[in-house]
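So the chains spell out like this:
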Amino acid sequence: MSIKLEHVNYIYSPETAYEKHALRDICLEIPHGQFVGIIGHTGSGKSTLIQHLNGLIKATDGTVYYDGKNIYDEGYSLKELRSQVGLVFQYPEHQLFEVSVLKDVCFGPHNQGLSEPECEKRAKEALELVGFPEKYYDQSPFDLSGGQKRRAAIAGVLAMRPKVLVLDEPTAGLDPKGRDDILDQIARLHSQTDMTVILVSHSMEDIAKYVERIIVMNKGSIMFDDTPKKVFSHYRELESVGLAAPQVTYIMHALKEKGMPVSTAPTTVEEAADAIMESLKKENREIL
Amino acid sequence: MIRDITIGQYYPADSVLHRLDPRVKVVCTLLYLISLFLFKSVPGYTVALIFLGGCIKMSKVPFKFIVRGLKPIIMLLMITVIFNLFLNPGGAILWSFWKLAITEKGVRTAVYMAIRLIFLIMGSSLMTFTTTPNELTDAIEKLLKPLNAIRVPVHEIAMMMSIALRFIPILLEETDKIMKAQIARGADLESGNIIQKAKSMIPILVPLFVSAFRRAGDLAMAMEARCYRGGDGRTKMKPLAYKCRDFAAYAVTIGYVIAAVLIGRNIPFQIWFF
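Residues numbered from 1 in each chain as written. Chains lettered and ligands numbered in written order. Predicted model: local features only at pLDDT ≥ 70, side-chain atom pairs only at ≥ 80, totals over all residues.

J.: Help me get a handle on the overall build of chain A, residues and values and all.
T.: For chain A, the count of helices and strands is eleven helices and ten strands. Relative to its length of 288 residues, chain A is compact, with a C-alpha radius of gyration of 21 Å against a globular reference of 19 Å. Principal-axis analysis of the C-alpha atoms gives chain A an extent of 70 × 50 × 35 Å. Taken across its 288 residues, chain A has 40% of its residues classed as buried. Sequence separation of at least 24 residues holds for 63% of the intrachain contacts in chain A that already meet a minimum separation of 6. (Helix = DSSP H or I, 4+ residues; strand = E, 2+ residues; numbered from the N terminus. Rg over C-alpha atoms; globule rule 2.2 N^0.38 Å. Buried ≥ 20, exposed ≤ 12 C-beta atoms within 10 Å, placed from the backbone. Contact = placed C-beta atoms within 7 Å.)

Shown next as structure tokens:
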């Protein structure tokens, strides 16, 4: 179920005064089961990129392959593709419309043509996966808190049982606790199922902790595509395009500059703590 | 998808026409539109063509954009031409079939009507190409100010207009987003009969209305927070003020109207080309 993009270009409003080259020659392959982060500054083309993955927008130039098949081929079912590649937009709670949470989550499976009991079964399953409390199933989605709305909306996509889950800034506008909860839930989802998860964000801190690969977008092109550690080692270049490495990276680099023999690789607070402890132990051993 | 629809079709460029006071543009466009109906002759339209051509040249708006503006009226144009062609008895009969006949007068009227319509649309779209919607409402507010005397709430009307115009692209974008989100959830917006189609709009309309009301509430709050209380005693950040070029533009337009009317009405011109 790999996704492959070959020389994808996308231009908004071509041949008008508002022409904008949003994607430039994107080549990319995402194997099945990977947990990928896409990072970029506002307007770097990350949202445009992910809309190509389920065929919502058609590349001006280039091809997209899903599971080895060209999705622009005649007769390729985009509807089928969209139930395989679930896309959760930014502020997904703005798409809620039904009278109750459960019914709203059923919308996706219903469109897949499943029977009523099957829809409900999948909806309940999806709501459970995102940790949505059961007592609110029959409430109007408009009466929920921000975090719960977000969960309900993500469940709305999960209920279609996609093989690939793409989330566009799932934590935008949430408080720190809501943010951590949602991200932890997504990480758990990835480890429990064999889903490919693609997480879009502009915050390195959010992503560093969870993903195994980071794609950095800048002005419509891929700038880096590597493991988090390797990407963050370019922290100066990242700064020059308006992004930043996690604060831990800065601390580790600063410590090393001051003469502490630590590795600069850690990207999360836990790893950093371990690295510092290790180097302290080593030093102490030498002293002793 | 829906993004390609532009209502305010402003074309950003740096030209004399863009810099003119919007009031001048509104008034001159009106004068130009009226002038088109004051004559009906080849030399008159030649003068109008020169004037229009000069303005287009000065505006730096690519010609194909202005022609594109004619697309929506092609049907109207065809209907006008056909009706005028067949339903104008008088003059020599050029071609006849059953009860339908094309007369010389019919051809003439049809061509004049087509030219008028095309000039009309091109002229008014030139104004919208060179004036932002906000400038336009500013101009209308200023021009209608005298109506305040008879208790027409001019400022409030202008404010509503500019808010409405401002929100068209926002709501379009919102619609686009919601449509995509629902399509991503497998919504089928195209197939089915009319009732099914109407039903399939619910997942789009409900969130759209919710967000429109939310935005309206937010905007009202923001306006109140900045002590907005209607038009009385309110000054503008960029007050409209006439400059030399604006008077020059008035003069040129009035000159055009006089010339076109004089040439178009008085000089007989018998050459008919076809």
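J.: Can you break down the packing of helix 3 (residues 42–59) of chain B against helix 6 (residues 104–130) of chain B residue by residue, with the values?
T.: Residue and element names in this part refer to chain B. Across the interface, helix 3 lies against helix 6 with an axial gap of 11 Å and an inter-helix angle of 25°. Relative to helix 6, helix 3 is oriented roughly parallel. Considering the relative orientation of helix 3 and helix 6, their crossing is left-handed. Of the residues in helix 6, those in contact with Tyr45, Ala48, Leu52, Cys55, Ile56 and Ser59 of helix 3 are Ile115, Phe119, Met122, Gly123, Leu126, Phe129 and Thr130. Classifying every residue of the contact of helix 3 with helix 6 gives ten nonpolar, three polar and no charged. (Axes fitted to C-alpha atoms, helices over the stretch in contact; angles between N-to-C directions. Parallel < 35°, antiparallel > 145°, perpendicular 65-115°, else oblique. Left-handed = near helix turned anticlockwise from the far one by under 90°. Nonpolar A, V, L, I, M, F, W, Y, C, P; charged D, E, K, R; others polar.)

J.: Talk me through the nonpolar core; I want residue IDs and the actual numbers.
T.: Among soluble globular proteins, nonpolar side chains are generally buried collectively. Membership of the largest hydrophobic core comes to 76 residues, with the highest contact counts inside it found for Val105, Ala155, Val166 and Ile198 of chain A. Element by element, the count of residues in this core is highest for helix 5 (residues 146–158) of chain A, at six residues. The residues contacting Val166 of chain A, other than those within four sequence positions of it, are Ile50, Leu53, Val85, Gly86, Leu87, Val88 and Ile198 of chain A. Grouped together as the second largest cluster of nonpolar side chains are 21 residues, Leu17, Leu20, Val24 and Tyr256 of chain B included. (Core = buried A, V, L, I, M, F, W, Y, C linked by C-beta atoms within 7 Å.)

J.: I'd like a rundown of unusual backbone geometry, residues and numbers included.
T.: All names here are of chain A. Even without being glycine, His7 reaches a positive phi, approximately 45°. Looking at His7, the number of C-beta atoms within 10 Å reads 12, which means it is exposed. Its identity as a non-glycine residue notwithstanding, Asp25 has a phi of 45°, on the positive side. Along the chain, Asp25 turns up in strand 2 (residues 20–30). Note on Asp25: 14 C-beta atoms within 10 Å, which makes it partly exposed.

J.: Residue-level account of the packing of helix 5 (residues 74–86) of chain B against helix 6 of chain B, with values.
T.: For any two helices packed against each other, one specifies the crossing angle of their axes together with the interaxial distance. All names here are of chain B. Two elements in contact, helix 5 and helix 6, have axes separated by 7 Å at closest approach and are oriented at 160°. When the interaxial angle is binned, helix 5 and helix 6 end up roughly antiparallel. Viewed along their axes, helix 5 and helix 6 form a crossing whose handedness is right-handed. Contacts between helix 5 and helix 6 involve Leu77, Thr80, Val81, Asn84, Leu85 and Phe86 on the former and, on the latter, Gly106, Val107, Thr109, Ala110, Met113, Ala114 and Leu117. Classifying every residue of the contact of helix 5 with helix 6 gives nine nonpolar, four polar and no charged.

J.: Run through the sheet that holds strand 4 (residues 61–66) of chain A, naming residues and quoting values.
T.: Within a beta sheet, neighbouring strands are joined by backbone hydrogen bonds and run either parallel or antiparallel to one another. Residue and element names in this part refer to chain A. The antiparallel open sheet is built from four strands, whose spatial order is 2-1-4-5. Here the strands that pair on one side only, and so sit at the sheet edges, are strand 2 and strand 5 (69–70). Examined bridge by bridge, strand 1 (residues 3–12) and strand 4 share five bridges and lie antiparallel to one another. Across the sheet, residue Ile3 finds its bridge partner in strand 4, namely Tyr66. (Pairing = 2+ DSSP bridges.)

J.: Which residues make up the interface of chain A and chain B, and what values do they have?
T.: Every contact between the two is made by 22 residues of chain A and, on the other side, 21 residues of chain B. Breaking the side of chain A that touches chain B down by element, the ones donating at least two residues are helix 2 (78–84), helix 3 (101–111) and helix 5 of chain A. Across the side of chain A that touches chain B, the residue classes break down as eleven nonpolar, nine polar and two charged.

J.: Account for the confidence of the model for chain B, naming residues and giving values.
T.: Residue and element names in this part refer to chain B. Considering every residue of chain B, the mean pLDDT works out to 84; 93% of them sit at 70 or more. Predicted confidence for residues 1–7 stays below pLDDT 50, and this span has ten contacts to residues more than four positions away or in other chains. Segment residues 269–274 is flagged for pLDDT under 50; beyond a separation of four residues in sequence, or across chains, it makes three contacts in the model. Two summary scores accompany this predicted model of the complex, namely pTM at 0.74 and ipTM at 0.85. (pLDDT = per-residue confidence, 0-100.)

J.: How would you sum up the environment of Met277 of chain A? Please name residues and give values.
T.: Within the element layout of this structure, Met277 of chain A appears in helix 11 (residues 269–287). Along the chain, Met277 of chain A and Val262 of chain A lie 15 residues apart, while their C-alpha atoms are 9.3 Å from each other.

J.: Got a sec to walk through the pairing of strand 7 (residues 164–168) of chain A? Specific residues and values, please.
T.: Residues and elements named next belong to chain A. Counting buried positions along strand 7 yields five of five residues, so the element is predominantly enclosed. Bridge count between strand 6 (residues 85–88) and strand 7: four bridges; the pairing is parallel. The residue bridging Val85 from the neighbouring strand is Val164, located in strand 7. Bridge count for strand 7 against strand 8 (residues 196–201) is five bridges, and the pairing is parallel.

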